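What follows is each chain in one-letter form.
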Amino acid sequence: MRVSQAVFGVFHHFELARELERRGHLDMVYSTWPWARMKREGLDHSKVQTFPWLHTPEMLLNRAGLRLPGRLGHELSYQNALRFDDWTSRRVGAIDALIGISGAALKTGRMLQQRGGRFICDRGSTHQRYQEIILADEFRRWGLAPPVGDPRVTVREEAIYEVADAITVPSSFSRRSFIELGVPAEKIHTIPYGVRLETFAKVADPSTDAFEVLFVGHVSLRKGVPYLLEAFQQLKHPAKRLRVIGAMSPEIKQLLDRLPKENVEFLGSIPQMQLPKIMSESHVLVLPSIEDGFGLVLSQALACGCPILASTNTGGDDLISDGTEGFIVPIRDVDALTDRMQRLADDPALQYRMSEAALARVKHLGGWRHYGDLWESLLQRLTHREPGQLRSSGI
């Protein structure tokens, strides 16, 4: 079985690529980032082709704080998707399946299907329209103008959903969003992301003299950060601290003067290698997202023995049992967030039990190898090949 991938940048696709390569199935990865960035992913150059001409300038401008204005930014992003697809369609070889990150490979996928291959859309979040609707509502709730998207993106996304032989998503929450918007349930396959167990592990203990709350992610309305700040304000503890790690979005900067910030530290982005120690030292990681296909930081925190407090819209209820390794609460529920943090702050024994349960749970979740196993099984079914016909997986 020969499989190629098409991805904007990196995302989790190079974790998948390494698993496919280890099993002998990877034909090629096509990316919109330059090889100078791709080489750190550990694949041989012969397995990676890049089309960096539009995405890389956009990325560099954003990093320099020179984000293109709305219409121009939309046009560059949309043209990147179209040109990347054209470029990929001229290069894809004789393969059995193509995995395209959502928004990519519409033309290439159709062409492969005409040759008898299979096209899989890999969507890391909820259905495009579901995402747009819930986020527009969230902006309005805070008195902000909703972000203006490019309607062509939605049209293209839904065309891909229609054409694809299968759609993969990382959580039950994501899957439900597709079903709610009319995509046949049998077309959607849930494959949760893995965690680098060789990187994330418990390396320290939380303080017995303070109560440490942690947030890791894009500091944005999408991640529910204002609700966390309000809930943390209500938490009663003489030595509480909330550390917020991640880049801050423009809309949060607009709201910050209206939000409580006492005992809150905004640390910005930090190297990932620092996260295991910070997670290990925290009493709880909170991810109150409004829309989040799968909160990868949840698995990372569990691997560090840190209980999690997550909303229903994060994939957290696929990872843990509510009340065992952490808590699951409804979105936008400040009182529920406060209550669960207060329970942990008031009961060190509960925090210890949840920490131990988190470590035990991670042993059953598996790392990225298990993610590769699930993908291999799906690809076998889609390409109608028996396991004996495949190259040895080494499992």
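Residues numbered from 1 in each chain as written. Predicted model: local features only at pLDDT ≥ 70, side-chain atom pairs only at ≥ 80, totals over all residues. Heavy atoms only, no water.

**Considering helix H6 (residues 128–141)**
- When the terminal C-alpha atoms of H6 are compared, their 20 Å separation across 14 residues agrees well with the 20 Å that a helix rising 1.5 Å per residue should span.
- Listed in full, the buried residues belonging to H6 are Gln128, Tyr130, Gln131, Ile134, Leu135, Ala136, Glu138 and Phe139.
- Against the buried residues of H6 lie helix H7 (151–163), helix H8 (172–180), helix H9 (225–234) and helix H10 (250–255).
- Looking one or two places after H6, you find glycine 143, whose phi comes out positive at around 75 degrees. (Helix = DSSP H or I, 4+ residues; strand = E, 2+ residues; numbered from the N terminus. Expected span 1.5 Å × (residues − 1). Buried < 20%, exposed > 50% of the residue type's maximum accessible area, 1.4 Å probe, protein only. Contact = heavy atoms within 4.5 Å.)

**Section: the nonpolar core**
- Core analysis: the largest hydrophobic core is formed by 121 residues, its most contacted members being Met279, Leu285, Trp375 and Leu379.
- Dropping the residues within four chain positions of it, tryptophan 375 is found in contact with Leu16, Ile99, Ile120, Asp122, Thr168 and Ile191. (Core = buried A, V, L, I, M, F, W, Y, C linked by side-chain atoms within 4.5 Å.)

**Re unusual backbone geometry**
- The phi torsion at alanine 105 lies on the positive side, around 70 degrees, for a residue other than glycine.
- As for its position among the elements, alanine 105 is in the loop between strand S4 (97–101) and helix H5 (106–114).
- Located in the positive-phi region is arginine 332, a residue other than glycine, with phi close to 65 degrees.
- Structurally, the position occupied by arginine 332 is in the loop between strand S13 (326–329) and helix H14 (334–346).

**A word on the packing of H6 against H7**
- Two elements in contact, H6 and H7, have axes whose closest approach is 9 Å; the angle formed by their N-to-C orientations is 140 degrees. Taking contact as the criterion, the partners of Gln128, Arg129 and Glu132 in H6 are, on H7, Val153, Thr154, Glu157, Glu158 and Tyr161.
- In terms of residue class, the contact of H6 with H7 is made up of two nonpolar, two polar and four charged. (Axes fitted to C-alpha atoms, helices over the stretch in contact; angles between N-to-C directions. Nonpolar A, V, L, I, M, F, W, Y, C, P; charged D, E, K, R; others polar.)

**Here's the deal with the sheet that holds strand S10 (residues 264–268)**
- Here six strands make up an open sheet; going across it, the order is S10-S9-S8-S11-S12-S13 and the pairing parallel. Looking along the sheet, the strands with just one partner apiece sit at the ends: S10 and S13. Averaged over all pairs of adjacent strands, the angle between strand axes in this sheet comes to 20 degrees, irrespective of strand direction.
- Bridge analysis of strand S8 (residues 211–216) against strand S11 (residues 284–287) gives two bridges, and the strand direction is parallel. The residue bridging valine 213 from the neighbouring strand is valine 284, located in S11.
- Sheet contacts for helix H12 (residues 296–303): S8, S11 and strand S12 (308–311); angle to S11, the most-contacted strand, approximately 170 degrees. (Pairing = 2+ DSSP bridges.)

**Thoughts on H8**
- The set of residues buried in H8 consists of Phe173, Ser174, Ser177 and Phe178. Buried residues of H8, seen end-on, are gathered within an arc of 145 degrees and therefore sit on one face of the element.
- Buried residues along H8 sit in contact with H6, H7, strand S6 (166–169) and strand S7 (188–190).
- Just beyond H8, the residue with positive phi is glycine 182, at close to 95 degrees. (Arc of directions from axis to C-beta.)

**Some points on the confidence of the model for the chain**
- Averaged over the chain, the pLDDT score is 93; the fraction of residues at 70 or greater is 97%.
- Here residues 386–395 scores under 50 on pLDDT; set against residues more than four positions off or in separate chains, the count is 18 contacts. (pLDDT = per-residue confidence, 0-100.)

**What about the environment of aspartate 373?**
- Secondary-structure assignment places aspartate 373 in helix H16 (residues 368–382).
- On a C-alpha basis, the gap between aspartate 373 and leucine 16 in space is 10.0 Å, while along the polypeptide they are 357 residues apart.

**Quick notes on the sheet that holds strand S1 (residues 3–7)**
- What the seven strands build is an open sheet, ordered S3-S2-S1-S4-S5-S6-S7; its pairing is parallel. Edge positions in the sheet fall to strand S3 (48–50) and S7, since each of these pairs with one other strand and no more. Strand-to-strand twist across the sheet, computed as the mean angle between neighbouring axes with direction ignored, equals 20 degrees.
- Contacts from H8 reach S6 and S7, with the element oriented near 170 degrees to S7.

**Concerning the pattern of salt bridges**
- Counted by the stated rule, this structure contains 29 salt bridges.
- With a closest N to O distance of 2.9 Å, arginine 152 and aspartate 150 form a salt bridge.
- The closest approach of N and O atoms between glutamate 291 and arginine 222, which form a salt bridge, is 2.6 Å. Here arginine 222 lies in the loop between S8 and H9 and glutamate 291 lies in the loop between S11 and H12, a separation of 69 residues in the sequence.
- Take glutamate 291: its relative accessible area is 0%, and that puts it in the buried class. (Salt bridge = Lys/Arg side-chain N within 4 Å of Asp/Glu carboxyl O.)

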